[in-house]
Amino acid sequence: MHEHKIETPNEKQNRHKAMESVNVLNTLKEGFKTPPKAMDYFYNLFEDVYCNQKALHKDKVKVGTMCIQIPSEIIYALDGVPIRLCNGFYTDDEIGSDFLPQKACPLVKASVGHLSSKNLTDKPDMIYSPTTCDQKTKAGTLIASFGYEVVDVDFPRTKESEISREFFRRSIREFSADLSQKMGKKLSRKNLKASISKIGYAQSLYHQISEFRKNKIVPILGNDIFLVTNAFFFDKIDNWIEATEKLVEELEQRVKDEVNAAGKISPRIVYTGSPPIFPNYKIPLIIEDSDGIIVADETCSSNRMFNDRVAVDEWFVNDMIDSLADKYLKACTCPVFSKNDDRIRRIVELVRSHNADGVIYQAFAGCTVYELEQRSVLEAMEREGISILYIESDYSPSQHGQLSTRVEAFIESLKIKNRNKK
Amino acid sequence: MKYFAGIDIGSTAIKITIIDENKEMVGHRISGSGSMFYNYAHQTLNDLLKDLNISKEEVLYTVATGYGRKLFKEADENISEITANAIGAVAAAKEFGAIKTIINIGGQDSKAISLDEMGNVVNFAMNDRCAAGTGKFLDACAMNLEIGVEELGERHFNSKGTPLSINSTCAVFAESEIIGLLGNSHSVEDIVSGVHYSIAKRIVKLVKRVGIKEGIYFDGGPALNGGLVNAIENELGKKIFIPTYPQVTTSFGAAILGVDSYNYQSVGV
Ligand code: SF4
Ligand code: SF4
């Protein structure tokens, strides 16, 4: 019989994550109609990073962020690379369960589990942790106890007030000063303006793709888009831009050639709620596997990263920092805020502009804020006459059957409604 | 000479072990259980005795175990396969040291048994979902891959890529998954190691229910599959012990119990 060494805990973690990744990537590549050629870049990227442990930023200072609320423009301007640490692996979720209550948010558990293992290919040199939801806030302190340098970034809980605005501006100024000192580099008009316009350009690519998804014939799956936007968490930005430019070109052609990524009568879905982060595409995959097509989303792992552009009046460093703070706060539709009319408005707007048939709202079991906001969103959709399905899920692969039955039933009901309209 | 027989009538196979009064294994035989349990059991026993040149009269005590144990009316005693497995494992693992945890994968079920210092059963768990994580599941996968079950181990170690996970726990759905993977020209090797890891993960969950204690013993036919052993070891992060004849631990245990019962009974008279 073979004599074989037993895997070390890190090897085991890597294998588990590779298995999770390959599973999702194979489904994307093989489970649907021909994906755009330009997607190969992204499939390979995820395979390199998560199956072959390829580090992308060896010679760079890596600035970890615990949430979307840390302006990457500032990090790029100071020559750092932002790495968003929000994590979607069930493997890491299970590791994180040793540190957090079983019922905690899987995203937070997975992020904590990943960092606790110290098994990271692009290990962050420092981590900024915005005090957004309770669990993220607590996670920051926990992660610091593993030996990482973690800096809290104060975050307000109301959005509209002048106090909040001033509060977050100060917070981002503090963050800039802290990072600038750590990097030994100053923010200048030139470097900040350059990074703002680079991110602005990346956003514009996303907007072009969104336009294609408004068409009757949708040229790309929502799941592929999640992969593209997820790559923005960690990829080399110039490579990402180049690959996304190619994708835009190809999609433009596909629209002309009427290449449909969906079925003939696939209901059009707007996806909202807790962010799907690779490889936790459980619900999005079920949706598109059940003949739905995700035409837009309202999540902090995708649409919310690209939605609003920075509005700068004066191109002075301090003004630019303030404008960045304003943009991040205003655009944020995370349920951590007291009121969230913006989020509801955004969802309705997406449904209208993308001609969607229904909304699927997913909350992670354990995320109190998304669970809490469910009621108001459901009521608002009812008022607007928009069909909506609310589902809770976590990262475990086990409830697959039950979830897909619910999603299928919802999508079928949308099809029936459409047929009856005719 | 005095001999003792242990007969394990399982769902897919009949396993018989003959031992001497010193509890040393003299011989064993395995045959398919098929539709006629009873006849097969007798025939297997007769064939084995003939091979070993032992007369029926020399067999002083017979203990039956396994699902079909009640059908073998001639047995002097019958015991549950949990107890028999534990006794057999403790004896078979002598050279390995004390064992505390037994993993058994049978034709249609899998078990985890937890033992105390003395080798007594303190807890056990069985899989609750059909063929998932059993020998049947492996057989079905091998069949879909058009390879023999005995090839699985070798294929596993030749896997170069990431093991491809099989998500279905049901053998019927797993079949269509495997066919899908083959259709997309994934390598048989990566599928095989994926199958092994899928089973291994399920087994480890089962073992966790009784608690993982150092001194782990693995038996049942699938323990001959080195690839599966490797997968379970990796999932547990621990070395496990495989006996020389993993298929017959339970009948071996039944026979050992026969010696003790025989001695007890003859003293008692
Ligand atoms: S859900 Fe809210 S707190 Fe969590 S990462 Fe997204 S924006 Fe940040
Ligand atoms: S999903 Fe909920 S609990 Fe998790 S990070 Fe986002 S807001 Fe926090």
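Treat the numbers as computed from the prediction; the structure is a model and nothing was measured.

Participant: Outline unusual backbone geometry, supporting the account with residue identities and numerical values.
Facilitator: Omega for the peptide link from Phe278(A) to Pro279(A) comes to -5°, which places this bond in the cis form. For Asn53(B), which is not a glycine, the phi torsion comes out positive at approximately 60°. Among the secondary structure elements, Asn53(B) is positioned in the loop between helix 1 (37-52) and strand 4 (59-65).

Participant: Account for the site of ligand 2, naming residues and giving values.
Facilitator: The environment of ligand 2 is made up of Cys105(A), Val108(A), Cys133(A), Lys136(A), Ser274(A), Phe364(A), Cys367(A), Val369(A) and Tyr370(A). Classifying every residue of the shell around ligand 2 by side-chain character gives 7 nonpolar, 1 polar and 1 charged.

Participant: Tell me about the packing of aromatic side chains, and please be specific about residues and values.
Facilitator: Note on aromatic pairs: each is described by the distance of the centres and the angle between the planes. Residue and element names in this part refer to chain A. Going through the model one piece at a time under the given rule, you end up with 26 aromatic pairs over all chains. A centroid spacing of 5.6 Å and a plane angle of 35° characterise the contact between phenylalanine 155 and phenylalanine 337, whose relative ring orientation is tilted. Of this pair, phenylalanine 155 sits in the loop between strand 4 (150-153) and helix 7 (162-183) while phenylalanine 337 sits in the loop between helix 13 (317-331) and helix 14 (341-353), and the two are 182 residues apart along the sequence. Taken as a pair, phenylalanine 155 and phenylalanine 337 share a single burial class, namely buried. Ring geometry for phenylalanine 226 versus tyrosine 281: centroids 6.1 Å apart, planes at 45°, classification tilted. Of this pair, phenylalanine 226 sits in helix 9 (residues 222-231) while tyrosine 281 sits in the loop between strand 5 (268-273) and helix 11 (282-289), and the two are 55 residues apart along the sequence. Neither phenylalanine 226 nor tyrosine 281 differs from the other in exposure class; each is buried. What links up through ring pairs into an aromatic cluster is the set Phe46, Tyr50, Phe89, Phe226, Phe234, Tyr271, Phe278 and Tyr281.

Participant: Account for the environment of Tyr262(B), naming residues and giving values.
Facilitator: Residues and elements named next belong to chain B. Tracing the sequence through the fold places tyrosine 262 in helix 8 (residues 249-268). On the basis of relative accessible area, tyrosine 262 is assigned to the buried category, the value being 18%. Counting along the chain gives 200 residues from tyrosine 262 to threonine 62, while the straight-line C-alpha distance between them is 9.3 Å. If sequence neighbours within four positions are ignored, tyrosine 262 has contacts with Phe4, Leu60 and Tyr61.

Participant: How would you explain the site of ligand 1 if you had to name every residue and give the values?
Facilitator: Taken together, Cys67(A), Ile68(A), Arg84(A), Cys86(A), Thr132(A), Lys136(A), Cys300(A), Arg304(A) and Cys334(A) form the complete shell of residues around ligand 1. When the residues that make up the shell around ligand 1 are grouped by side-chain class, the tally is 5 nonpolar, 1 polar and 3 charged.

Participant: Which residues make up the sheet that holds strand 5 (residues 77-78) of chain B, and what are the values?
Facilitator: Residue and element names in this part refer to chain B. Reading across from one edge, 3-2-1-4-5 is the order of the 5 strands in this open sheet, with mixed pairing throughout. Edge positions in the sheet fall to strand 3 (25-32) and strand 5, since each of these pairs with one other strand and no more. Both strand 2 (residues 13-20) and strand 3 contribute to a ladder of 7 bridges, which runs antiparallel. Bridging from a neighbouring strand, isoleucine 18 pairs with glycine 27 of strand 3. Packing against the sheet, helix 1 makes contact with strand 1 (3-9), strand 2, strand 3 and strand 4, and its axis sits at approximately 35° to strand 2.

Participant: Could you give an account of the confidence of the model for chain B, naming the residues involved and the relevant values?
Facilitator: When pLDDT drops low, the exact placement of atoms in the prediction is not to be read closely. Considering every residue of chain B, the mean pLDDT works out to 91; 98% of them sit at 70 or more. When pLDDT is averaged over each element of chain B, helix 7 (residues 226-236) of chain B comes out on top at 97 and helix 5 (residues 171-183) of chain B at the bottom at 86.

Participant: Any chance you could break down the interface of chain B and chain A for me, citing the residues and the numbers?
Facilitator: On the side of chain A, 17 residues touch chain B, which itself brings 22 residues to the contact. Among the residues chain B hides against chain A, the three largest losses belong to Phe157(B), Thr162(B) and Asn234(B). Together they make up 28% of the total. One can count 1 salt bridge joining chain B with chain A. One salt bridge in this structure joins Glu235(B) and Arg15(A), with 2.8 Å as the shortest N-O distance. Counting every contact that joins chain B to chain A gives 7 residue pairs in polar contact (both at pLDDT 80 or more). Sorting the residues of the side of chain B that touches chain A by element identifies helix 4 (152-157), helix 6 (188-210) and helix 7 of chain B as the ones contributing at least two each. Of all the elements, helix 7 of chain B adds the most residues to the side of chain B that touches chain A, at 6 residues. Broken down by class, the residue content of the side of chain B that touches chain A amounts to 7 nonpolar, 9 polar and 6 charged.

Participant: Let's hear about the sheet that holds strand 7 (residues 110-115) of chain B: which residues, and what values?
Facilitator: All names here are of chain B. Strands sit in the order 8-7-6-9 across an open sheet of 4 strands; the sheet is mixed. Two strands in the sheet have a free side with no partner beyond their single neighbour: strand 8 (121-126) and strand 9 (216-219). Each strand axis lies, on average, 15° off the axis of its neighbour in the sheet, ignoring direction. The pairing of strand 6 (residues 101-105) with strand 7 spans 5 bridges and is antiparallel.

Participant: Explain the packing of helix 9 of chain A against helix 11 of chain A residue by residue, including any values.
Facilitator: Residue and element names in this part refer to chain A. For the pair helix 9 and helix 11, the least separation of the axes is 9 Å and the interaxial angle reads 150°. Between helix 9 and helix 11, the angle falls in the class roughly antiparallel. Contact residues: Gly222, Asn223 and Phe226 in helix 9; Pro284, Leu285 and Glu288 in helix 11. Class assignment for the residues of the contact of helix 9 with helix 11 results in 3 nonpolar, 2 polar and 1 charged.

Participant: A description of the domain arrangement of chain B should follow, citing residues and the corresponding values.
Facilitator: Residues and elements named next belong to chain B. Assigned domains within chain B: domain 1 (1-80 + 245-269) and domain 2 (94-242). The C-alpha centroid of domain 2 is placed 27 Å from the C-alpha centroid of domain 1. Contacts between the two partners involve 7 residues from domain 1, matched on the other side by 14 residues from domain 2. Note on domain 1 versus domain 2: buried area summed over both sides is about 690 Å², and carbon and sulfur give 54% of it. Three residues, Thr12, Pro246 and Thr249, lead the burial of domain 1 against domain 2; their summed loss comes to 56% of the area buried on that side. On inspection of domain 1 and its partner domain 2, the count reaches 0 salt bridges. Inspection of the domain 1/domain 2 interface yields 4 residue pairs in polar contact (both at pLDDT 80 or more). Split into classes, the residues belonging to the side of domain 1 that touches domain 2 amount to 2 nonpolar, 4 polar and 1 charged.

About the thresholds
Residues numbered from 1 in each chain as written. Chains lettered and ligands numbered in written order. Predicted model: local features only at pLDDT ≥ 70, side-chain atom pairs only at ≥ 80, totals over all residues. Heavy atoms only, no water. Helix = DSSP H or I, 4+ residues; strand = E, 2+ residues; numbered from the N terminus. Near = heavy atom within 4 Å. Nonpolar A, V, L, I, M, F, W, Y, C, P; charged D, E, K, R; others polar. Phe/Tyr/Trp six-rings, centres within 6.5 Å; stacked < 30°, edge-to-face > 60°. Buried < 20%, exposed > 50% of the residue type's maximum accessible area, 1.4 Å probe, protein only. Contact = heavy atoms within 4.5 Å. Pairing = 2+ DSSP bridges. Axes fitted to C-alpha atoms, helices over the stretch in contact; angles between N-to-C directions. pLDDT = per-residue confidence, 0-100. Buried area = accessible area lost by both parts, 1.4 Å probe. Salt bridge = Lys/Arg side-chain N within 4 Å of Asp/Glu carboxyl O. Polar contact = N/O pair within 3.5 Å; in protein donor to acceptor, adjacent residues only side chain to side chain. Parallel < 35°, antiparallel > 145°, perpendicular 65-115°, else oblique. Domains from an automatic or database assignment.

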